[in-house]
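Commentary on secondary and tertiary structure
So the chains spell out like this:
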Amino acid sequence: MLYAIVGEDVPNSLEQRLASRPTHLARLLELEAAGRMVLAGPFPAIDSPDPGPAGYSGSLIVAEFDSLAEAQAWADADPYLAAGVYARVTVRPFRQALPKS
């Protein structure tokens, strides 16, 4: 089943985010290589594809896991959470309606 993982950044976390990005990205690439990734990316803190020093306000990941518990455990091990980038992470079941796969 698909799950939506939404991480909400703490204010002024750009430095921690950039420092933790390589390990965060490596985990996402593992999901992609396993064919389990639907999409992933950050929410710019301002209305711009490159927010510069304004940074980001969080991230969205939609990926396939065997259960909500597995998705939650994966999210709980995110380097952004360990580094203090995320203030909160929410994991919810997700049903893709469009585009049809």
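Residues numbered from 1 in each chain as written. Predicted model: local features only at pLDDT ≥ 70, side-chain atom pairs only at ≥ 80, totals over all residues. Heavy atoms only, no water.

What the rule picks out here adds up to three aromatic pairs. Ring geometry for F65 against W74: centres 5.7 Å apart, planes inclined by 50 degrees, an arrangement best described as tilted. Residue F65 shares its accessibility class with W74, and that shared class is buried. Aromatic side chains Y80 and Y86 sit 5.5 Å apart centroid to centroid with 85 degrees between the ring planes, which places their arrangement in the edge-to-face category. Each of the two residues, Y80 as well as Y86, counts as buried. The ring of W74 is capped by R27, whose NZ or CZ atom sits 4.0 Å from the centre of that ring. (Phe/Tyr/Trp six-rings, centres within 6.5 Å; stacked < 30°, edge-to-face > 60°. Buried < 20%, exposed > 50% of the residue type's maximum accessible area, 1.4 Å probe, protein only. Lys NZ or Arg CZ within 6 Å of the ring centre and 35° of its normal.)

Note on pairing: side chains with opposite charge can pair once their charged atoms come close. Within this structure, the stated rule accounts for four salt bridges. Salt-bridge contacts for R88 lead to E8; the nearest nitrogen and oxygen are separated by 3.1 Å. Note that R88 is positioned in strand β4 (residues 86–94) and E8 in strand β1 (residues 2–9), a separation of 80 residues in sequence. Given the relative accessible area of 31%, E8 is considered partly exposed. We note a salt bridge from R36 to E70, for which the minimum N-O separation is 3.1 Å. Taken as a pair, R36 in the loop between α1 (14–33) and β2 (37–44) and E70 in helix α2 (residues 68–76) lie far apart in primary sequence, 34 residues in all. (Salt bridge = Lys/Arg side-chain N within 4 Å of Asp/Glu carboxyl O. Helix = DSSP H or I, 4+ residues; strand = E, 2+ residues; numbered from the N terminus.)

Below, the discussion takes up the pairing of β1. With respect to burial, β1 is a largely interior element, six of its eight residues being buried. Direction of pairing for β1 relative to strand β3 (residues 56–64): antiparallel, over a ladder of seven bridges. Along β3, the bridge assignment pairs A4 with V62. In this structure, β1 lies alongside β4, joined through eight bridges in antiparallel fashion. Following the sheet pairing, D9 is matched in β4 by Y86. (Pairing = 2+ DSSP bridges.)

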